[in-house]
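Each chain is listed here by its residues.
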Amino acid sequence: MTTLTAPPKTAPPPARPRKSPGTAKWKRRIPLLPALIFTIAVTQLPFVATLVISTFQWNILKPGERHFVGLDNFTFVFTDERLRTAVLNTIVLTASVVLLSVVLGLGLAMLLDRRFTGRGLARTLLIAPFLVMPVAAALLFKHALYNPDYGLLNGTLNTVYRLFGADNGPTVDWISSYPMPAVVLSLVWQWTPFMMLILLAGLQAQPGDVLEAARMDGASAMATFRHITLPHLRQYIELGVLLGTIYIVQTFDAVYTITQGGPGSQTTNLPYEIYLTMFRKYEYGQAAAAGVVVVLGAIVIATFALRTIASLFREEASR
Amino acid sequence: MRSTRYALIAGAAATALLATACSGAGAGGSSGGSKSINVLMVGNPQMEDIAKLTKSTFTKDTGIKVNFTVLPENELRDKVTQDIATQAGQYDVATIGAYEVPIWTKNGWLHELGSYADKDTGFDKADLLKPMVQSLSGSDGKLYALPFYGESSMLMYNKDVMAAKGVTVPEHPTWQQIADIAARVDGAEPGMKGICLRGLAGWGELGAPLTSVVNTFGGTWFTKDWKAQVNSPAFKKATNFYVNLVRQHGEAGAPQAGFTECLNALSQKKAAMWYDATSAAGSLEDPASSKIAGHVGYAYAPTVQTKSSGWLWAWAWAMPKTTKNADAASKFMLWASSKKYENLVGAKLGWSRVPAGKRASTYAIPQYQKAAGSFGDITLKSIEQADPANPGVQPRPTVGIQYVAIPEFQDLGTKVTQEISAAIAGKTSVDKALDDGQKLAEDVAKNYQK
C-alpha cells in the first residue's frame, strides 16, 4: 500500500508593512466600486424582486386581483403534487445522467490516457457532443434517433429483422414507451465528454513513479486501478459529479424538445414545471416561489462543489 | 453564477415587467404623431405574405410605415400577453386568436373596433362570416378584433387508398364510421396507419380535436353554472373512443404528434385519414411538399350526437388600449382584413394563398373557387355551421368550441391533455387521467361559481 504523507505546509508569506490602512484601501477600491454596484444591481436585485413577487398572488391575466399572500406560494410549492413529482423527476434525471456519464467518461478517459495513433483526433471527436447546442442535440435525438417512422433506432431494428428474413421489425415508439431513458440518453451523450475531460486531466496528473512502483511490485492492472488510480481520481470524480449536478438540475432544452414533460408528467422536471407555471398558468407568484426553492437547493449543491474545488487546489498546492 | 440561472430568469423577467409597467405610461408609442405603427404577429404563412406586401401597397398609398415583429405562436402568446397585461404599450396592433378576445375584452385591454369598421364604407362588415364576428366579439356584443383568416375542422383522406380498399367516405360521417374505416384501411400500404389524430399534449394541440369530439359525444368541460364535467360519462366515453382509436389505428409516435406531424403523416402516406384544421388543405394540395396533392378527399367533421362538430378558430387583428396611433392602426387593420387585400394576394401571390375563411364573398371569387375547388366549399360550410355559443348538447358558460374561454384554460387544458397523452402512450388509464383532470377543473370552477 502507498502511504503518502503530506509535506509540511509552506510558511505564510511575510506580512507586508502597512501604510495608513484606511484611505489607501479605499483609494484602491474606488475605481472598482461602479463595477461592484453594477454587479450587485444585475445579480442581486432581480433575486430580491423574485423574493418579493413570491409573496404575492399575481396572475397577469387577472388584473386587479394581485395581493400579498405571505408564504402561501411556498406552501403551495411544498404541497402541490405536480411539483413533488417534478422534484422527484429532477432527482432521477440528474442522478442517472451524472452517474452514467461519469462511468462512461471514466472509461473513455482511461482509453484516451494511453498513447495510440490518432489520439488527438479521437479526443476531438469525443469532445464534440459537448459543443453541440443543447436544443440542437435534443432535436437530433428526437428526430434522427427516436422517431418511430424514420429514426435511426427503428431503422436499425428493422434492418436486423430483415437480415433474419422477417418483413419488418417492431415499430417501437421510443419516446412514449421509455420517456425518461430517452431524455437521459441524450443528456448522457452530451455530458460524457465533460466528465471525460475532467477525469482525463486527473489521470494525466497521476504521478508516473507511483504507477511504475506498483507495476514493479507485481500489482495487477485491476489492483492498480482500484487501489491507486481510483483514490487519486476521487476528487476529480467529485468535482465532475458536483459540476454536472449543478448544470443538469437545470435541464430544460432536452425535456422541452424531446418529451414536453410527458407523457403525463413523467419527465416534467422543475425548470419545465416552472416554465409551465410562468407561461401557461401566468401565476408569477407561484413561479417565483418555486424559483426561490430551486435556487436554495442549487446553492447547497454549489457549496459542496466549491469545497471540492478548494480541496483540489489545496492538494495541488501541497504537492 | 449559472446555478441561479432559472431564478434569475424569473427575477429578471419580473423586474423587466415592473420596469415596463412603470415606464409604460410615458414611453409607450415611440412615434408620437409621425405615421408609423408597430405590429406584432404570429409567423404563419399568411402573415409572412402581408409583411412582404405592405410596403409596396399600404405604405405607398397611406404613408403609414408598418414595423412588423413576427414570432412563432407560443412565443407570440407569451409576448403579447405580457405586453398587453402590463400595459407596456409597445405595439399598436397584435394578432390574437378567438380564445383571447373575450378574456382580454373583459379585462378592458382592447379597443372596440366595430365602429371603425362601420365607418369604412369599403370594408363591408356585413360580409364577415357570422361565427367569426361572434367569436371575436365581447360579451357586450361589440367587435373587438378583425379577422384575418379563419378555419374550422374537417376530415381529410387519401382518395387512392379508399378506392383501392373499396371504401366510400360519407360526406357527413359519424365517428363510428370513421373508426370502422380506420380499421379497414390500416396497413393498406406498408407502414400506413388508418388515421392520424393529434396526441401531443397542449390545450391548442390535442386539446382542440379532443374537445370537438367531446362536444359531439355530448360532453363538456363545464356546465352553464360552472360544474366541472371532466370525468362525466360523456366526456369519458369520448376520450376513451379517441384514445382507443389512436392506440389501435393511429399514427406511430402518437403522443408526440401534433398538427405538423399529422400533416406529414397524411401527405407522406403514413396515414390514410386525418381529422384537423381546414387550413391544412392548402399544404396538402401543394405538390412541392405533399405526395398526395390532387388525391385528397374531404369530408365534414365526424359527428355523434350533434349535427356538426367542426371547431372554429380565427387569427385576428386587435388594438391594445395603450396605443397612441389608433387611427393609423385601424387603417392598417381594416386594409388587412378587406376584400381589396384578398384580391391583392390572389393577383400577386396566387389564389391558394388568400387568407380565407372570414368573408362570404371570398368563396364567390371565380379564381379562388378554382384554386380551392376540392376543399373551399366544405371549409366555408364548416365555418358557417360552427356555433361557438352552443357547440354541444348543453348550454355553456363561455363562447368557444374547442376551448373554454377563461384565463385558466391554458393551464387546465395543458395539464389534462398531458394526462390523456400519457393514456395514449399507455402509461396511464383514461379514467385515472380524467379523474385527476376533474380535480383540476373543480379548482378552476370555484373561481366562477356564485
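It should be emphasised that the depicted structure is a prediction, and the values quoted were computed from it without experimental measurement.

## Structural notes on the sheet that holds strand E5 (residues 153-158) of chain B
All names here are of chain B.
So, step 1. Read across the sheet, three strands follow the order E6-E5-E7 without closing on themselves; strand pairing throughout is antiparallel. The open sheet has two edge strands with one neighbour each: strand E6 (273-277) and strand E7 (296-300). Neighbour to neighbour, the strand axes of the sheet diverge by 30° on average, direction disregarded.
So, step 2. Note: E5 against E7, five bridges, orientation antiparallel. Residue pairing for E7: tyrosine 157 is matched across the bridge by glycine 297.
So, step 3. Those strands touched by helix H12 (residues 259-267) are E5 and E6, and its axis lies near 145° from that of E6.
So, step 4. Of the strands in this sheet, E5 and E7 touch helix H17 (residues 376-385), which is tilted by about 20° from E7.

## Points about the packing of aromatic side chains
Residue and element names in this part refer to chain B.
So, step 1. In total, this model carries 42 aromatic pairs over all chains according to the counting rule given.
So, step 2. Where tyrosine 99 meets tryptophan 203, the ring centres are 4.5 Å apart and the plane angle is 40°; that geometry is what we call tilted. With tyrosine 99 in the loop between strand E3 (93-97) and helix H5 (100-106) and tryptophan 203 in the loop between helix H9 (175-185) and helix H10 (207-216), this pair connects stretches of sequence that are 104 residues apart. Here tyrosine 99 and tryptophan 203 have matching classes, each one buried.
So, step 3. Within the aromatic cluster, the residues linked to one another by ring pairs are Phe58, Phe68, Phe148, Tyr149, Trp317, Phe332, Trp335 and Tyr341.

## Focus on the pairing of E3(B)
All names here are of chain B.
So, step 1. Most of E3 is tucked away, with five of its five residues classed as buried.
So, step 2. Alternating positions in E3 separate into two faces, Val93, Thr95 and Gly97 on one and Ala94 and Ile96 on the other, with burial throughout.
So, step 3. Bridging between strand E1 (residues 36-42) and E3 involves two bridges; their strand directions are parallel. Considered in E3, the bridge of leucine 40 is made with alanine 94.

## Thoughts on the pairing of E7(B)
Within a regular beta strand, the side chains point alternately toward one face of the sheet and then the other, so they alternate between its two faces.
So, step 1. Counting buried residues in E7(B) gives five out of five residues, a clear majority hidden from the surface.
So, step 2. Side chains Val296(B), Tyr298(B) and Tyr300(B) of E7(B) all project onto a buried face; the interleaved residues Gly297(B) and Ala299(B) project onto the opposite face, where all are buried too.

Conventions and cut-offs
Residues numbered from 1 in each chain as written. Chains lettered and ligands numbered in written order. Predicted model: local features only at pLDDT ≥ 70, side-chain atom pairs only at ≥ 80, totals over all residues. Heavy atoms only, no water. Pairing = 2+ DSSP bridges. Helix = DSSP H or I, 4+ residues; strand = E, 2+ residues; numbered from the N terminus. Axes fitted to C-alpha atoms, helices over the stretch in contact; angles between N-to-C directions. Contact = heavy atoms within 4.5 Å. Phe/Tyr/Trp six-rings, centres within 6.5 Å; stacked < 30°, edge-to-face > 60°. Buried < 20%, exposed > 50% of the residue type's maximum accessible area, 1.4 Å probe, protein only.

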